[in-house]
Structure formats: C-alpha cells, structure tokens
Amino acid sequence: MKRHHADSMIVQEIRPIIFGIEDSLVSTLGVVVGIAASGAGRRDVLVAGIILVVVEAISMGSGEYISSKSEEQVRTGANDHLPIQNGLVMWVSYMVAGIVPLSPFILFPTSFAIPIAITLCALVIFSVGAWKARISLRKTSPLRSGLEMLFVSVGAGLIGYLLGVIAAQFK
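Throughout what follows, the structure given in this document is the object of discussion.

So, how was this worked out
- Residues numbered from 1 in each chain as written.
- Predicted model: local features only at pLDDT ≥ 70, side-chain atom pairs only at ≥ 80, totals over all residues.
- Heavy atoms only, no water.
- Helix = DSSP H or I, 4+ residues; strand = E, 2+ residues; numbered from the N terminus.
- Lys, Arg positive; Asp, Glu negative; His and termini not counted.
- Charge placed at Lys NZ, Arg CZ, Asp CG, Glu CD.
- Patch = residues over 30% accessible without salt bridge, like charges linked within 9 Å, V, L, I, M, F, W, Y side chains within 5 Å.
- Areas by Shrake-Rupley, 256 points an atom, 1.4 Å probe, with all protein chains shown as cover.
- Salt bridge = Lys/Arg side-chain N within 4 Å of Asp/Glu carboxyl O.
- Expected span 1.5 Å × (residues − 1).
- Bend = angle between axes of the 7 residues up to and from the residue.
- Buried < 20%, exposed > 50% of the residue type's maximum accessible area, 1.4 Å probe, protein only.
- Axes fitted to C-alpha atoms, helices over the stretch in contact; angles between N-to-C directions.
- Parallel < 35°, antiparallel > 145°, perpendicular 65-115°, else oblique.
- Left-handed = near helix turned anticlockwise from the far one by under 90°.
- Contact = heavy atoms within 4.5 Å.
- Nonpolar A, V, L, I, M, F, W, Y, C, P; charged D, E, K, R; others polar.

Digging into the overall build of the chain
And step 1. Helix and strand counts for the chain come out as 6 helices and 0 strands.
And step 2. In terms of principal-axis extent, the alpha carbons of the chain reach across some 55 × 35 × 25 Å.
And step 3. Mean positive and mean negative side-chain charge positions of the chain (13 and 11 charges, respectively) differ by 7 Å.

See the structure below:
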C-alpha cells in the first residue's frame with residue numbers, strides 16, 4: 001500500500017521533477033562550463049554557478065507554483081495545495097540537480113572539472129530519461145528515452161561552452 005502511494009505521488013509530480021532536474025543540469029552546466037572555458041578562475045566559476053542555481057531554483061519554483069495555480073483555477077476553479085507542492089518539488093529538483101555540474105569545480109582544477117562536469121551531467125540526464133521510461137504507463141525503451149533526453153538537452157551545454165571559448169578570444 002505504501003509503495004503504491006509513493007508511486008502515485010511520483011507520477012503526480014513527474015513534470016516538475018523532470019523539468020527541474022533537466023533544466024538545472026543543462027542551465028548550470030552551460031553557465032559554469034562557459035565561464036570556465038572563457039578562462040575564469042575556479043572561484044569565479046563556483047560563485048557564478050551557486051548564484052545561478054539558487055536564483056534559478058527560486059525562479060523555477062515560483063514559476064511552477066504560478067503556472068500550476070493558474071491551471072488549477074482555469075480547470076476547476078479550485079485553489080488547493082497542488083500548486084504549492086509542484087512549486088516545492090520544482091525548487092528541490094532544481095537545487096539538488098544543480099550540485100551535479102558544480103561539484104567537479106569544487107573538487108578539481110577547472111581544466112579537469114570541465115570534462116567531468118559534462119560527463120556527470122550526461123550520465124544523470126540519460127539516467128533520468130531511462131527512469132522516466134520505467135515509471136511511464138507507455139511502454140518505452142529506457143535506452144531510447146534516456147538517449148532522447150540526452151540529445152535534446154545537449155545543445156544548451158554545448159552552446160554555453162562555445163560562448164565561453166569565443167569570450168576567451170576577447171581577453
């Protein structure tokens with residue numbers, strides 16, 4: 001009985017979970033790798049990354065709350081606890097996922113941290129996509145779902161890195 005309750009809670013919150021994790025990984029990775037590729041020091045990369053994660057988590061949580069509340073009001077006229085729950089789930093998902101691209105910059109010099117951060121984010125994004133397929137009612141291959149999420153998400157990280165390389169040329 002408890003397992004079924006946990007499963008239904010996850011299904012109810014799947015959108016803000018997936019959205020928060022994916023957006024945090026991609027946005028944070030794009031920013032920290034871009035700043036690092038521009039030649040900024042480790043401290044600057046970390047400060048920018050931490051500020052980004054905190055501000056964006058608040059923004060994403062607030063946006064999820066407002067959009068969920070609007071949807072509930074339009075759909076049912078109700079104003080129940082679901083929008084607050086969705087906002088909190090988005091905020092937590094974003095904050096926790098933001099640790100992944102930042103952690104290599106805490107532990108390693110910038111030149112080593114860049115490929116480690118990219119690899120970690122790619123693995124987590126793929127894993128989240130595969131997990132989504134496992135809990136989905138539609139029978140989707142975890143491999144296909146993981147690869148889809150990975151390829152859809154890779155663009156922003158790549159753009160951040162390329163912008164950092166271009167910015168380094170103007171020093």
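Moving on from the coordinates now.
Looking at a nonpolar patch on the surface
And step 1. A contiguous nonpolar patch, built from Ile50, Val54, Ile58, Trp91, Val92 and Val96 and spanning about 510 Å² of accessible area, is present on the exposed surface.
And step 2. For the nonpolar patch, the elements supplying multiple residues, two or more each, are helix 3 (42-75) and helix 4 (82-107).
And step 3. Mapped onto the fold, isoleucine 58 is located in helix 3.

With respect to helix 4
And step 1. Over its 26 residues, helix 4 runs 38 Å from end to end, which matches the ideal 38 Å to within 8%, given 1.5 Å per residue.
And step 2. Its maximal kink placed at proline 101, helix 4 deviates by approximately 45°.

Points about the pattern of salt bridges
Working definition: two side chains of opposite charge can pair if their charged atoms are close together.
And step 1. Tallied over the entire structure, the rule returns 2 salt bridges.
And step 2. Put simply, arginine 15 and glutamate 64 hold a salt bridge, and the shortest N to O gap is 2.7 Å. Taken together, the residues arginine 15 in helix 2 (residues 14-37) and glutamate 64 in helix 3 connect sequence positions 49 residues apart.
And step 3. Glutamate 71 is the partner of arginine 75 in a salt bridge, and the nearest nitrogen-oxygen pair spans 2.2 Å. With arginine 75 and glutamate 71 both in helix 3 and 4 residues apart, the pair spans about one turn of that helix.

Considering helix 2
And step 1. For helix 2, spanning 24 residues, the distance from its first C-alpha to its last is 34 Å, which sits close to the expected 34 Å at 1.5 Å a residue.
And step 2. Buried residues dominate helix 2, accounting for 17 of its 24 residues.
And step 3. Backbone geometry just after helix 2 places glycine 39 at a positive phi near 100°.

Structural notes on the environment of isoleucine 84
And step 1. One can find isoleucine 84 in helix 4.
And step 2. Judged by relative accessible area, which is 48%, isoleucine 84 ranks as partly exposed.
And step 3. For isoleucine 84 and isoleucine 35, which are 49 residues apart along the polypeptide, the C-alpha to C-alpha distance reads 34 Å.

Regarding the packing of helix 2 against helix 6 (residues 142-168)
And step 1. The geometry of helix 2 relative to helix 6 is characterised by a closest axis approach of 6 Å and an angle of 20° between their N-to-C directions. Relative to helix 6, helix 2 is oriented roughly parallel. Once helix 2 is placed against helix 6, the crossing between them reads as right-handed. Between helix 2, through Ile18, Glu22, Val26, Gly30, Val33, Gly34 and Ala37, and helix 6, the contact on the second element is made entirely by Met149, Ser153, Ala156, Gly157, Gly160, Tyr161, Gly164, Val165 and Ala168.

Points about the packing of helix 2 against helix 4
And step 1. Here helix 2 crosses helix 4 at 30°, and the two axes come no closer than 7 Å. Between helix 2 and helix 4 lies a crossing whose hand is right-handed.
And step 2. Looking at the contact of helix 2 with helix 4 residue by residue, the class counts come to 17 nonpolar, 7 polar and 1 charged.

Geometric descriptors of this kind do not, in isolation, establish any biological role.
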